[in-house]
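Take a look at the letters that make up each chain.
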Amino acid sequence: EVQLVESGGGMVQPGGSLRLSCAASGFTFSSYDMSWVRQAPGKGPEWVSADNTDGNTYYADSVKGRFTISRDNAKNTLYLQMNSLKPEDTALYYCARDLVAADGLDYWGKGTLVTVSS
């Protein structure tokens, strides 16, 4: 079965950095576009970034210039390097697999919690 397992979350001070990882299994990872999505307390999900099979990457305006998405297809792993973190980045961070035939995400991991606080 498709599995997405996030790791790397934790507490960090404003201005600090974290690197999130997502280990994928149960499908041909290299054939799928992948995204990171986050959900802050009391809010709905917010798409953060995508790394597509064609090599293109995309970012929400709120994280542009601070976050970097990447993937290692040999390791079936997706990464999110987060720098210059702000309190408003506090959220559960999920990796998700993009739909092939349409915009949308068909599988999500369980999430890893990022807390940015002094």
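Let me sum up the structure you'll find in this document. (Residues numbered from 1 in each chain as written. Predicted model: local features only at pLDDT ≥ 70, side-chain atom pairs only at ≥ 80, totals over all residues. Heavy atoms only, no water.)

### A closer look at the side chain of Thr 112
Following the sequence through the fold, Thr 112 ends up in strand β11 (residues 112-116). Relative accessible area serves as the criterion here: at 10%, Thr 112 is assigned to the buried category. A polar contact of 3.1 Å, which involves the side chain of Thr 112, links it to the backbone nitrogen of Gly 9. Beyond its immediate chain neighbours, meaning those up to four positions away, Thr 112 contacts Glu 6, Ser 7, Gly 8, Gly 9, Leu 20, Ala 91, Leu 92 and Tyr 93. (Helix = DSSP H or I, 4+ residues; strand = E, 2+ residues; numbered from the N terminus. Buried < 20%, exposed > 50% of the residue type's maximum accessible area, 1.4 Å probe, protein only. Polar contact = N/O pair within 3.5 Å; in protein donor to acceptor, adjacent residues only side chain to side chain. Contact = heavy atoms within 4.5 Å.)

### Remarks on unusual backbone geometry
One non-glycine residue, Asn 76, adopts positive backbone phi at about 50 degrees. Its location among the elements puts Asn 76 in the loop between β7 (67-72) and β8 (77-82). Asn 76 gets classed as partly exposed once you look at its relative accessible area, which sits at 28%. The phi dihedral of Ser 84 falls on the positive side, at around 50 degrees, and the residue is not glycine. Structurally, the position occupied by Ser 84 is in the loop between β8 and β9 (91-98).

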